[in-house]
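Now for the letters of each chain:
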Amino acid sequence: MKLFFDQECYSWCHNKRLHPFSIDRFVSERTVLVMLAKNIPFNMVNINLKNKPDWFLQSTPGAVPVILHKEKIIPDSLIACDYLDEVFPETKLHPQDPSQKAIDRVFVGKQSSMMQFLYPIFAKIPDKDVTYDEKLVFFEKLVNHIEGFETELSKRGTSFLGGKESPSMADYMIWPFFERVDCLPFLIDDKFALPSSLTHVNAWIKGMRETKAVKEYGMSPKRLAKATAICNELADYNKAMKETVGL
């Protein structure tokens, strides 16, 4: 397996080609995690979203992530992950029960809406400076939102949404949000740490960090915070990755 971070790299592996992004790894992370969880060989290609190469625009819908498998283009992270789960069923990530699969889809959609609170804390917004106090207000709203996840885990009585032993598709689909939430104390300060009262969520984060896929592709809270700070200041993803190795 090769993971490319240089812009406009291009390579093949077992008829699968993945085009993730060079500045922000968030959306494509879902697809990478699913491939790793299912042991699917792949190669990664970074696309500069500010200067997309012509060959990419001509051969794809123009957005990332995109999977090319057996000459077929599969766009969008959720669609691509569903495709992977069907085409490579050996390690099934979606629940077998269609009603539970539908419930999990709704839950993923609800959790995804936390970006409206997380983004102003985590990222640099063009032409707008978000003050420290404003970030605290967004964080309070973020915690209130995450309480819904705490309730869901408590109700299911399992370590993961997929059960006691291992994550399901829903777990992997929401992990990228929580990977960023988990780095906020290092990015800003301890006031942005999740409260200890969210016992199930904090245990879930710890459990996800122990999974094979997150260990292989995830970033430690300290490294992600440092890389984010560099990207926010310099918009240089490659520099951020190189200078944070080992954190």
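All figures in this text were calculated on a predicted structure; none of them were measured in a lab. (Residues numbered from 1 in each chain as written. Predicted model: local features only at pLDDT ≥ 70, side-chain atom pairs only at ≥ 80, totals over all residues. Heavy atoms only, no water.)

A. Summary view of the overall build of the protein chain. When helices and strands are tallied, the protein chain shows twelve helices and four strands. When each of the 247 residues of the protein chain is scored for burial, the buried share is 49%. Partitioning the intrachain contacts of the protein chain with sequence separation of at least 6 by distance along the chain shows that 71% fall at a separation of at least 24. Of the roughly 12200 Å² of accessible surface on the protein chain, a fraction of 53% belongs to carbon and sulfur atoms. (Helix = DSSP H or I, 4+ residues; strand = E, 2+ residues; numbered from the N terminus. Buried < 20%, exposed > 50% of the residue type's maximum accessible area, 1.4 Å probe, protein only. Contact = heavy atoms within 4.5 Å. Areas by Shrake-Rupley, 256 points an atom, 1.4 Å probe, with all protein chains shown as cover.)

B. Representation of helix α9 (residues 199-209). Inspection of α9 places V201, W204, I205, M208 and R209 among the buried residues, and these make up the whole buried set. Seen from one end, α9 has its buried residues packed into an arc of 135°, which puts them on one side. Those residues of α9 hidden inside the fold are in contact with α6 (132-156), α7 (169-181), α10 (212-217) and α11 (221-234). (Arc of directions from axis to C-beta.)

C. The packing of aromatic side chains, seen in detail. A complete count under the given rule lists seven aromatic pairs for this structure. Their ring planes at 45° and their centres at 5.6 Å tell us that F107 and F149 sit as a pair that is tilted. A residue pair is termed long-range when its members are at least 10 positions apart, and F107 in helix α4 (residues 98-112) and F149 in helix α6 qualify at 42 residues. By relative accessible area, F107 is classed as buried at 9%. A relative accessible area of 0% means that F149 is categorised as buried. Their ring planes at 80° and their centres at 5.7 Å tell us that Y132 and F192 sit as a pair that is edge-to-face. Residue Y132 is located in helix α6, and its partner F192 is located in the loop between α8 (184-187) and α9; the two are separated by 60 residues in the primary sequence. (Phe/Tyr/Trp six-rings, centres within 6.5 Å; stacked < 30°, edge-to-face > 60°.)

D. Quick look at the pattern of salt bridges. Counted by the stated rule, this structure contains ten salt bridges. R209 is paired through a salt bridge with D182; the nearest N and O atoms lie 3.0 Å apart. Of this pair, R209 sits in helix α9 while D182 sits in the loop between α7 and α8, and the two are 27 residues apart along the sequence. Overlapping salt bridges, with partners in common, bring together D104, E152, K155 and R156 in one network. (Salt bridge = Lys/Arg side-chain N within 4 Å of Asp/Glu carboxyl O.)

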